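Residue strings, one per chain:
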Amino acid sequence: MHWSEVIGQQEAQERLKQMTESGHLPHAMMLCGPQGSGKLALATAFACYLLDNGTPSAQAMLEKLEHPDLHFTYPTIKLPSMGSDHKPVSDDFAKEWHELMMLGPYFTMDEWMQAMGGENQQAIITAGESDELVRKLSLKSSQGGYKVSIIWLPERMNIECANKLLKLIEEPPQQTVFIMVCQEPDKLLETIRSRVQVIDIRKTDNEDIRKALIERRGIDEEAAHRISRLANGNWLKALEELQVGSENELFLDMYIMLMRLAYQRKVKDMQKWSEQMAGMGREKQKRWLTYFLRMTRENFMYNFQNTELNYMTQKEEDFARNFARFVNENNILPINDMTNLAIRDIGQNANAKIVFFDFALQMIVLLLQKP
């Protein structure tokens, strides 16, 4: 994979190159940034940069992401076909991972879950994975250079795995570079965070997204401008907007339905709504709650009548035109807190029907609060 496949992020690219050329390459680093900023793309391009020794054979292997000194670690699930004592590891899903990466290093957790065939589970990195890493990285480099370990979403490590990885980082094998790709660093052990060099990755510039939409997707100028602004630094969001019938349509419908039922205080229908929400997989439920946060924020900002502050589709704006007045300074923070609590509860495997029914009932009270 080449640097050219990364969308924008020129500053981050130059920093990574400079670290290598100056001889100050840390053995463990962590790329942190928002979703859709291209962290995995940056990590993979950088790994290929480190492993490229100039030979045609090495370059051919890197082109296909099949270099023996490039190791990927990622969250996995336990399939019914696996034995009761088996701790799932990345190699169990190496084929699925490779196929997804070859389509491009920009994808969501939901797409990865679909590739593994476990949309209703929560993916984690198990202790078995850290044991595999110790085994793989203890071997000598097959090409005589670096060994690179890319760990996608290390915040999903269970505690046993995290502690084993900490020891590995503290006593790294020779010429090994760890590149962690992290979205929620606060969920990672402080002891790990303190032992890696954190590199903050900013949102992708809207202009870079606009150019990529035109050059890579053949989108016309006007549509590319609208989508890049709506994406707001998130290439994955831009891709979502290109998909006809994307889940955002469903998410908006569920948002509108909840708000109307809450306003009309139709408790029986709200119970049906919560059952429909519970029928989604947990990852999808968390994405809807994140969408809920964004839409509520957009409705609040709509009240200021400044188009530069709003990032909504036409359909979302059509709903906001009449609804936005119900989101005000007295309920925006309680709604935000309530939603974050629901995200936490769903993440901890709470009963989804109860979580969403309670969520809906609280909306009745919050919508009554006037500015």
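Presented here is an overview of the structure given in this document. Note that this is a predicted model, so its numbers are computed, not measured. (Residues numbered from 1 in each chain as written. Predicted model: local features only at pLDDT ≥ 70, side-chain atom pairs only at ≥ 80, totals over all residues. Heavy atoms only, no water.)

Evaluated as defined, the whole model comprises 22 salt bridges. The residue Asp110 makes a salt bridge to Arg287 at a minimum N-O spacing of 3.2 Å. Residue Asp110 is found in helix H5 (residues 109–116), and its partner Arg287 is found in helix H14 (residues 282–302); the two are separated by 177 residues along the sequence. One network of salt bridges, in which partners are shared, links Lys87, Asp131, Glu160 and Lys164. (Salt bridge = Lys/Arg side-chain N within 4 Å of Asp/Glu carboxyl O. Helix = DSSP H or I, 4+ residues; strand = E, 2+ residues; numbered from the N terminus.)

Another point: the packing of aromatic side chains. Scanning the entire structure with this criterion turns up 25 aromatic pairs. Taking the centre distance of 6.5 Å and the plane angle of 80 degrees together, the rings of Phe93 and Trp112 count as edge-to-face. Residue Phe93 is found in the loop between strand E2 (70–73) and helix H4 (94–103), and its partner Trp112 is found in helix H5; the two are separated by 19 residues along the sequence. For the residue pair Phe93 and Trp112, the accessibility class agrees, reading buried in each case. (Phe/Tyr/Trp six-rings, centres within 6.5 Å; stacked < 30°, edge-to-face > 60°. Buried < 20%, exposed > 50% of the residue type's maximum accessible area, 1.4 Å probe, protein only.)

Along its 16 residues, helix H16 (residues 332–347) runs 23 Å from first to last C-alpha, staying within 8% of the 22 Å computed at 1.5 Å per residue. Residues Ile332, Ile335, Met338, Thr339, Ala342 and Ile346 constitute the buried set of H16. For H16, the arc enclosing every buried residue in end-on projection is 130 degrees, short of the 170-degree limit, so these residues lie on one face. Looking at H16, the residues exposed on the side facing more than 90 degrees away from the buried face are Leu333 and Asp337. Each element contacted by the buried residues of H16 is listed here: H14 and helix H17 (352–367). Positive phi shows up at Asn349, right after H16, with a value of about 65 degrees. (Expected span 1.5 Å × (residues − 1). Arc of directions from axis to C-beta. Contact = heavy atoms within 4.5 Å.)

Moving on to unusual backbone geometry. As a rule of thumb, non-glycine residues mostly have phi less than zero, and peptide bonds are mostly trans rather than cis. Not every positive phi belongs to a glycine, and Gln9 is a case in point at roughly 55 degrees. Positionally, Gln9 belongs in the segment before helix H1 (10–21). For Gln9, a relative accessible area of 11% puts it in the buried group. At Leu153, a residue that is not glycine, the phi angle is positive and equals roughly 60 degrees.

Residues Met29, Trp97, Trp112, Ile150, Trp152, Ile179 and Trp235 are the most contacted members of the largest nonpolar core, which totals 58 residues. Top element by residues in this core is helix H2 (residues 39–51). It accounts for 10 residues. With sequence-adjacent residues up to four places away left out, Ile179 is seen in contact with Met29, Leu31, Ala43, Phe46, Ala47, Val148, Ser149, Ile150 and Ile151. Of all hydrophobic cores here, the second largest spans 42 residues; its members include Met259, Leu289, Met312 and Val327. (Core = buried A, V, L, I, M, F, W, Y, C linked by side-chain atoms within 4.5 Å.)

Looking at where Tyr49 falls in the secondary structure, it is placed in helix H2. Non-local contacts of Tyr49, meaning those with residues more than four positions away in its chain, are made with Trp3, Lys17, Thr20 and Glu21.

Right, let's talk about H1 for a bit. Between the first and last C-alpha of H1 there are 16 Å, a value that for 12 residues agrees with the 16 Å anticipated at 1.5 Å per step. Among the residues making up H1, those that are buried are Ala12, Gln13, Leu16, Lys17 and Met19. Around the axis of H1, the buried residues are gathered within 155 degrees of arc, so they sit on the same side. Projecting away from the buried face of H1 at angles above 90 degrees are the exposed residues Glu11 and Glu21. Taken from the residues just after H1, Gly23 is the one with a positive phi, measuring 80 degrees.

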